[in-house]
Amino acid sequence: MGLKRCGIAETDALQIIASPRATIDADKIEIFLSNILKEEPVESIVIGLPLDNKGNLNEDVEHKCQKVIHFLRENFPEINIFRIDERYSSKLAQKALIQSGMKKKKRKIKGNLDQVSAAILLQDFLDLRHSLLK
């Protein structure tokens, strides 16, 4: 989650593979999530923990994250909320976009990067959860 945009990813029914879904203006994230949670079965939501390279919290982004978490807990208490370190997700997403063969013009569209970053975070979470369940 960022101050301007939020990348959204989703997983398949078996919770094995994460896929990019959308990029939403940060100011509209609560409306977007509310619509999704009313229309689709959602067990959990994973929200990035905005840390810098030294592990320090980005207070501005964290404030926005906490606002969204409060909204979710208040309106959808049955949904599990998890946090995962989002360091390097943008760099990994940029690398993935290059390796996928996406043209430079499309890679410059920040929304594409946000979606792939979200998918990487969700995939990391899914992989971690599956390894813990073994």
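Computed from a predicted structure; not experimentally measured.

Below, the discussion takes up the environment of Leu122. Note that Leu122 resides in helix α5 (residues 110-133). Here Leu122 is in contact with Ala9, Glu10, Thr11, Ala18 and Val46, once residues within four sequence places are set aside.

Among the surface-exposed residues, Leu14, Ile16 and Ile17 lie close enough to one another that they form a single nonpolar patch of about 320 Å² accessible area. For Leu14, the position within the fold is in the loop between β1 (5-11) and β2 (18-25). Taking the relative accessible area as the measure of exposure, Leu14 reaches 65% and is therefore exposed.

What follows concerns the packing of helix α1 (residues 29-39) against helix α2 (residues 59-75). For any two helices packed against each other, the geometry is given by the interaxial angle and the distance between the axes. Two numbers describe how α1 lies on α2: the axes approach to 11 Å, and their chain directions differ by 35 degrees. Crossing handedness for the pair α1 and α2: right-handed. Listed contacts from α2 to Ile29, Glu30, Leu33, Ser34 and Leu37 of α1 are Lys64, Lys67, Val68, Phe71 and Leu72. Taken together, the residues that form the contact of α1 with α2 break down as six nonpolar, one polar and three charged.

Right, let's get into the state of the cysteines. Inspection of the entire model under this criterion finds zero disulfides. With no disulfide of its own, Cys6 has Cys65 as its nearest cysteine by sulfur position, at a separation of 7.6 Å. Judged by its relative accessible area of 0%, Cys65 falls in the buried class.

Inspection of every chain in the model, using the stated rule, returns two aromatic pairs. Between Phe71 and Phe76 the ring centres are 6.4 Å apart and the planes differ by 65 degrees, which places this aromatic pair in the edge-to-face class. The exposure classification of Phe71 matches that of Phe76, with both residues buried. With a centroid separation of 4.9 Å and an interplanar angle of 40 degrees, the aromatic rings of Phe82 and Phe125 are classed as tilted. Residue Phe82 is located in strand β4 (residues 80-85), and its partner Phe125 is located in helix α5; the two are separated by 43 residues in the primary sequence. Exposure remark for Phe82: the relative accessible area of 31% places this residue in the partly exposed category. Taking the relative accessible area as the measure of exposure, Phe125 reaches 10% and is therefore buried.

What counts, and at which threshold
- Residues numbered from 1 in each chain as written.
- Predicted model: local features only at pLDDT ≥ 70, side-chain atom pairs only at ≥ 80, totals over all residues.
- Heavy atoms only, no water.
- Helix = DSSP H or I, 4+ residues; strand = E, 2+ residues; numbered from the N terminus.
- Contact = heavy atoms within 4.5 Å.
- Patch = residues over 30% accessible without salt bridge, like charges linked within 9 Å, V, L, I, M, F, W, Y side chains within 5 Å.
- Areas by Shrake-Rupley, 256 points an atom, 1.4 Å probe, with all protein chains shown as cover.
- Salt bridge = Lys/Arg side-chain N within 4 Å of Asp/Glu carboxyl O.
- Buried < 20%, exposed > 50% of the residue type's maximum accessible area, 1.4 Å probe, protein only.
- Axes fitted to C-alpha atoms, helices over the stretch in contact; angles between N-to-C directions.
- Left-handed = near helix turned anticlockwise from the far one by under 90°.
- Nonpolar A, V, L, I, M, F, W, Y, C, P; charged D, E, K, R; others polar.
- Disulfide = S-S within 2.5 Å.
- Phe/Tyr/Trp six-rings, centres within 6.5 Å; stacked < 30°, edge-to-face > 60°.

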